[in-house]
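# Chain and residue survey
Each chain is listed here by its residues.
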Amino acid sequence: MLNDIYSRRILELAANIPFLGRLPEPDGSATAHSRLCGSTVTVDLKLDGDVVTAFAHDVKACALGQASSAIMGRHVIGSTADELRHVRETATRLLKAGGETPQGKWEDLKVLEPLRDYKARHASILLTFDAVVDALDRIEARRSRSGD
């Protein structure tokens, strides 16, 4: 069981999380927390239009949450808001509904496929995706209020 959960690739990703820390002046930030395991991920984003130009995250999570945060960190810069919303939906479907693994840029998500049966781990795995979408929502809400 532990070999399924903590594969070599999961551990490699968890050990190499890019963009750790916080951005000094983000356009938006959000924190996602799992009550079940206590994991927390805080993300900061800067956007040019709807494209992510800078990203940082503070990750206090288990190896699975760290691995998914590493995947996000590897691919988030240059992604659009719509793409990131779609990636969250894809990751959620992959874990909870037997969805297909994506091809291309986000195909690293396939490392999560063996974790479908470990429902108690899903919340931690999805924290980074939830936090990014929450930060995007906050940026868009602020822009619509200010007329940007």
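Coordinates for the structure precede this section.
Residues numbered from 1 in each chain as written. Predicted model: local features only at pLDDT ≥ 70, side-chain atom pairs only at ≥ 80, totals over all residues. Heavy atoms only, no water.

The next point concerns the sheet that holds strand β3 (residues 51-60). Remark on secondary structure: sheet strands pair via backbone hydrogen bonds, oriented parallel or antiparallel. With respect to topology, three strands assemble into an open sheet ordered β1-β2-β3, the strand pairing being antiparallel. Of all strands in the sheet, those with a lone pairing partner are β1 (28-33) and β3, marking the two edges. Recorded for the sheet is a direction-independent mean angle of 15° between the axes of neighbouring strands. Sheet analysis places strand β2 (residues 40-48) next to β3, joined by nine bridges and oriented antiparallel. From the neighbouring strand, V41 faces β3, where its bridge partner is V59. Relative to the sheet, helix α3 (residues 63-75) contacts β2 and β3, its axis offset from that of β3 by approximately 165°. (Pairing = 2+ DSSP bridges. Helix = DSSP H or I, 4+ residues; strand = E, 2+ residues; numbered from the N terminus. Axes fitted to C-alpha atoms, helices over the stretch in contact; angles between N-to-C directions. Contact = heavy atoms within 4.5 Å.)

Another point: unusual backbone geometry. Of note, F19 is a non-glycine position whose phi angle comes to about 65°, a positive value. Within the fold, F19 resides in the loop between α2 (8-15) and β1. According to the relative accessible area criterion, F19 is partly exposed, its value standing at 40%. (Buried < 20%, exposed > 50% of the residue type's maximum accessible area, 1.4 Å probe, protein only.)

Across six bridges, the pairing between β1 and β2 is antiparallel. Bridge pairing in β2 places H33 opposite T40. In textbook terms, the turn of a hairpin is the stretch between consecutive antiparallel strands, and for β1 and β2 this stretch comprises six residues, one of which, G38, has a positive phi near 85°. The antiparallel hairpin formed by β2 and β3 contains two residues in its connecting segment, where G49 sits at a positive phi of about 65°.

Turning our attention to the packing of aromatic side chains. For the coordinates displayed, the defined rule picks out one aromatic pair. Ring geometry for F19 and F55: centres 6.5 Å apart, planes at 85°, overall edge-to-face. In this pair, F19 is assigned in the loop between α2 and β1 and F55 in strand β3, connecting sequence segments 36 residues apart. (Phe/Tyr/Trp six-rings, centres within 6.5 Å; stacked < 30°, edge-to-face > 60°.)

Our next topic: the pattern of salt bridges. Under the criterion given, the structure shown has eleven salt bridges. A salt bridge links E12 to R9, with the nearest nitrogen and oxygen atoms 3.4 Å apart. Placement of the pair is E12 and R9 together in helix α2, with a separation of three residues, close to one helical turn. Given a relative accessible area of 34%, E12 falls into the partly exposed group. With a relative accessible area of 32%, R9 lands in the partly exposed category. (Salt bridge = Lys/Arg side-chain N within 4 Å of Asp/Glu carboxyl O.)

Attention shifts here to the environment of G28. One can find G28 in strand β1. By relative accessible area, which is 8% here, G28 ends up buried. Spatially, the C-alpha atom of G28 lies 8.7 Å from that of L47, the residues being 19 residues apart in sequence. Among residues more than four places away in sequence, those in contact with G28 are V43, D44, L45, A135 and I139.

Geometric descriptors of this kind do not, in isolation, establish any biological role.
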